[in-house]
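A structural walkthrough
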Amino acid sequence: MEESQKIRLGISIGDINGIGCEVVLKTFEDARMLDFCTPVIFASNKTITQQKNDLGIDLTFNGVRDASQAVEGKINIVSVWKEVPQIEYGQATKEGGAYAIQSLKAAVHALKEGTIDVLVTAPINKNNIQAEDFKFPGHTDFLAQELKGESLMFMVADSLRVGLLTDHIAVKDVAQAITPKLIRNKVVTMEKSLKMDFGIRRPKIALLGINPHSGDNGTIGEEDDKILKPTIQELFNKGTLVYGPYSADSFFGSNTHKNFDAILAAYHDQGLIPFKTLSFGKGVNYTAGLDKVRTSPDHGTAYEIAGKGQADESSFKEAVFTAIQVFRNRTEYLELTKNPLQKQKTRRAS
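Now for a quick tour of the structure. Nothing here was measured: the structure is a model prediction, and the numbers come from that model.

Moving on to helix α4 (residues 139–146). Taken together, the buried positions of α4 are His-139, Thr-140, Phe-142 and Leu-143. Along α4, the residues classed as buried sweep out an arc of 165° about the axis, all on the same side. At its buried positions, α4 is contacted by α3 (94–113), β5 (118–121), β6 (149–157), β11 (284–290) and β12 (293–297).

Right, here's the structure in full:
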């Protein structure tokens, strides 16, 4: 990418009956956002026009056939469908899910092809997206299949960063799913992301316990003593600054989290409840560990306010800024860590 060229930021529109279109349009209603990136929305001209008219949002856009034709300084729309879908604000319809997946698949294809640099995904409904050709509980699992790398659900808000050992699985399955191999993979992925995507040279990582009080020395479960502690020690001995397991109930309330660059929670709610309590409206869901950059806001479809013009775009805007910053950090990191011999060959060739 040329130094002067703005980052081409792809956007999947999410559920058309939710607040996805609204937060996207409100974000770019602020013309200053076009100074930071070139947005490319995967939906259709007619759908976006209907949404902006319904919501009373004043902006113009540029229709393109392909993301590679996106024009800097404009809001670009790739028409993924030609028909005019029926929008039923606040309703979880099969059609709403189908169009969300069409938008997502088109955006991911463009990401893989390199016609967009990063992807920001608007919220989907995990129930109505299910189809014969899409059997994933959410964005993260689909992206993990489509892109290269080891995915990690990573919630970020300024210096607060919370990753998950397990994400969208039932609580009853958590303890069995957590193995030494899983812990090693997630810690290594988190450490690499902190260095490459966030510019932290020697990241410190905290691991939260599985059981209450991290098992109380085996009184409330043995998983922390038998699985977490030995694996943490093994990683630490190899040079990774990982500590724990810490009792989750007091970790955030005591501000212990401020001593670390990132926290790895054992399961979904253990990490996301404190994260959203501390950052809601400003938090970003980042899929770390993949060869491409994807972020999303930390909220869902919010059907209860869809179509009413009440949605707050702050989290989506933060997702845009995070995607841009991670892309820049990663590009710089990869440039700095290139093979020195390869650099010499390039210089001689030029």
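Geometrically, a pair of aromatic rings is defined through the distance of the ring centres and the angle of the planes. In total, this model carries 13 aromatic pairs according to the counting rule given. Pairing Tyr-246 with Phe-260 gives two aromatic rings, centres 5.6 Å apart and planes at 65°, and the pair type is edge-to-face. Of this pair, Tyr-246 sits in strand β9 (residues 241–246) while Phe-260 sits in the loop between α8 (248–251) and β10 (262–265), and the two are 14 residues apart along the sequence. Judged by relative accessible area, Tyr-246 falls into the partly exposed class, the value being 26%.

Okay, helix α9 (residues 268–279) next. Look at α9: 16 Å from first C-alpha to last across 12 residues, which is about the 16 Å you get at 1.5 Å a residue. Listing the buried residues of α9 in full gives Gln-270, Gly-271, Leu-272, Pro-274, Phe-275 and Ser-279. Elements in contact with the buried residues of α9: β6, β7 (160–164), β8 (204–208), α8, β10 and β11. Count one or two residues on from α9 and you reach Gly-281, which has phi positive near 95°.

Take the nonpolar core next. Counting 65 residues, the largest nonpolar core has Leu-9, Phe-28 and Phe-154 as the members making the most contacts within it. Tallying contributions element by element places helix α10 (residues 314–336) first for this core, with 7 residues. Apart from residues lying up to four places away in sequence, Phe-28 is in contact with Leu-9, Ile-11, Met-33, Leu-34, Cys-37, Pro-39, Leu-59, Ile-75, Phe-316 and Val-320. The next biggest cluster of nonpolar side chains, apart from the first, holds 23 residues, and it includes Ala-67, Val-78, Val-108 and Ile-124.

Calculation rules
- Per chain, residue numbering runs from 1 following the sequence as it is written.
- A pLDDT threshold of at least 70 governs which residues receive local features in this predicted model, and a stricter bar of 80 or more applies before side-chain atom pairs are shown or counted, although totals over entire chains, interfaces and linings include all residues.
- Neither water nor hydrogens contribute to the side-chain values; these are computed over all heavy atoms in the structure.
- Relative accessibility thresholds used throughout: buried, under 20% of the residue-type maximum; exposed, over 50%; partly exposed, between the two (1.4 Å probe, protein chains only).
- What counts as a helix is a DSSP run of H or I of at least four residues, what counts as a strand is a run of E of at least two, and both are numbered from the N terminus.
- The arc in question is the one traced by the directions running from the helix axis out to the C-beta atoms.
- For this analysis, residues touch if any pair of their heavy atoms sits within 4.5 Å.
- Here a pair means two rings of Phe, Tyr or Trp (six-membered ring of Trp) with centres within 6.5 Å. Their orientation is stacked below 30 degrees between planes, edge-to-face above 60, and tilted elsewhere.
- Helix span, expected: 1.5 Å multiplied by one less than the number of residues in the helix.
- Residue types Ala, Val, Leu, Ile, Met, Phe, Trp, Tyr and Cys, when buried and joined through side-chain atoms within 4.5 Å, form a set referred to as a nonpolar core.

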